[in-house]
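# Summary of structural features
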Amino acid sequence: GAIKPVVTFTPNWGNIIYYDNVTLTCDVPSTVPEESRTYHWYKDKGPIPGDQQRLHITPSRVEDRGDYQCRTIGGDISDPVFLNVTKSRVILQRPPSAIYEGDPLTLRCHHVKDFNAINTKFYKDDQEIQSSESDSTFHIPNITRSQSGLYKCTKQIQRIDHSNVHEHSDVSFISVKGKLKSYIKLYP
């Protein structure tokens, strides 16, 4: 059977704030011949304009939220990948794909443009795990299943032209899946 293409995001976040830019790429196996590489894009199962390998969403709008898929001529369609575009002031960003044991994981506490931000804090299951004046990311180099849980970030932000500071937060449940083991039967 044919190998399905995979939709990837650059930057690799499954959730973004409106007006952020994102590029979707239709990654196809190198075995697909060049002449078959006309791309078709779909959002929520309906065709959308775009016949290139990359689909640029700049700037994003809330209406861009949905499941994206791609395929090449005569090829299989990719699995859907969900892009969430929100009007929140602060969001906890995570990769769009499943997270497996042993993978590195980076979470980002991201805020809306035209705001200054200070004092980013990360929590897991209501326990503070990192606090920083300037660093908006939390990194786990080698995640384990025991690190599954409810992650939260808070950030104090203010409009560039105002003095009021407000704290905003967002949460995301991170479920770490076990690595798939492959078994090879050896016959004597």
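Notes on the structure in this doc start here. (Residues numbered from 1 in each chain as written. Predicted model: local features only at pLDDT ≥ 70, side-chain atom pairs only at ≥ 80, totals over all residues. Heavy atoms only, no water.)

## Some words on the environment of Asn-12
Structurally, Asn-12 is set in the loop between β1 (6-10) and β2 (15-17). Note: C-alpha distance between Asn-12 and Gln-69 (57 residues apart in sequence) is 16 Å. With sequence-adjacent residues up to four places away left out, Asn-12 is seen in contact with Arg-94, Pro-95 and Pro-96. (Helix = DSSP H or I, 4+ residues; strand = E, 2+ residues; numbered from the N terminus. Contact = heavy atoms within 4.5 Å.)

## Description of the sheet that holds strand β4 (residues 39-43)
On the basis of which strands lie adjacent, the open sheet formed by 5 strands has the order β2-β8-β7-β4-β5 and mixed pairing. Because the sheet does not close on itself, it has two edges, and the strands there are β2 and β5 (46-48). Mean inter-strand twist for the sheet, computed between neighbouring axes without regard to direction, equals 35°. Of the pairings in the sheet, the one linking β4 to β5 comprises 3 bridges and is antiparallel in character. Pairing of Lys-43 across the sheet is with Gly-46, part of β5. (Pairing = 2+ DSSP bridges. Axes fitted to C-alpha atoms, helices over the stretch in contact; angles between N-to-C directions.)

## Things to note about the pattern of salt bridges
Inspection of the entire model under this criterion finds 5 salt bridges. Salt-bridge contacts for Asp-20 lead to Lys-113; the nearest nitrogen and oxygen are separated by 3.4 Å. Placement of Asp-20 in the loop between β2 and β3 (22-27) and of Lys-113 in the loop between β11 (105-111) and β12 (115-124) is noted, with a sequence separation of 93 residues between them. In this structure, Arg-61 and Glu-63 form a salt bridge, with 2.9 Å as the shortest nitrogen-oxygen distance. The exposure class of Arg-61 is partly exposed, given its relative accessible area of 45%. (Salt bridge = Lys/Arg side-chain N within 4 Å of Asp/Glu carboxyl O. Buried < 20%, exposed > 50% of the residue type's maximum accessible area, 1.4 Å probe, protein only.)

## A look at the packing of aromatic side chains
All told, the structure shown has 2 aromatic pairs when counted by the stated rule. Ring plane angle 50° and centroid distance 5.1 Å describe the contact between Tyr-18 and Tyr-19, whose orientation is recorded as tilted. In this structure Tyr-19 comes out as partly exposed when scored by relative accessible area, which is 48%. A cation over a ring is seen here: Lys-87 above Tyr-18, with NZ or CZ 5.4 Å from the ring centre. Positioned above the aromatic ring of Tyr-123, the side-chain terminus of Lys-152 is 5.4 Å from the ring centre. (Phe/Tyr/Trp six-rings, centres within 6.5 Å; stacked < 30°, edge-to-face > 60°. Lys NZ or Arg CZ within 6 Å of the ring centre and 35° of its normal.)

## A look at the sheet that holds strand β6 (residues 54-57)
Taking strand neighbours across the sheet as the criterion, the 3 strands line up as β1-β3-β6 in an open arrangement whose pairing is antiparallel. Only two strands of the sheet have a single neighbouring strand rather than two, namely β1 and β6. Neighbour to neighbour, the strand axes of the sheet diverge by 20° on average, direction disregarded. Here β1 pairs with β3 via 5 bridges, running antiparallel. Bridging from a neighbouring strand, Val-6 pairs with Asp-27 of β3.

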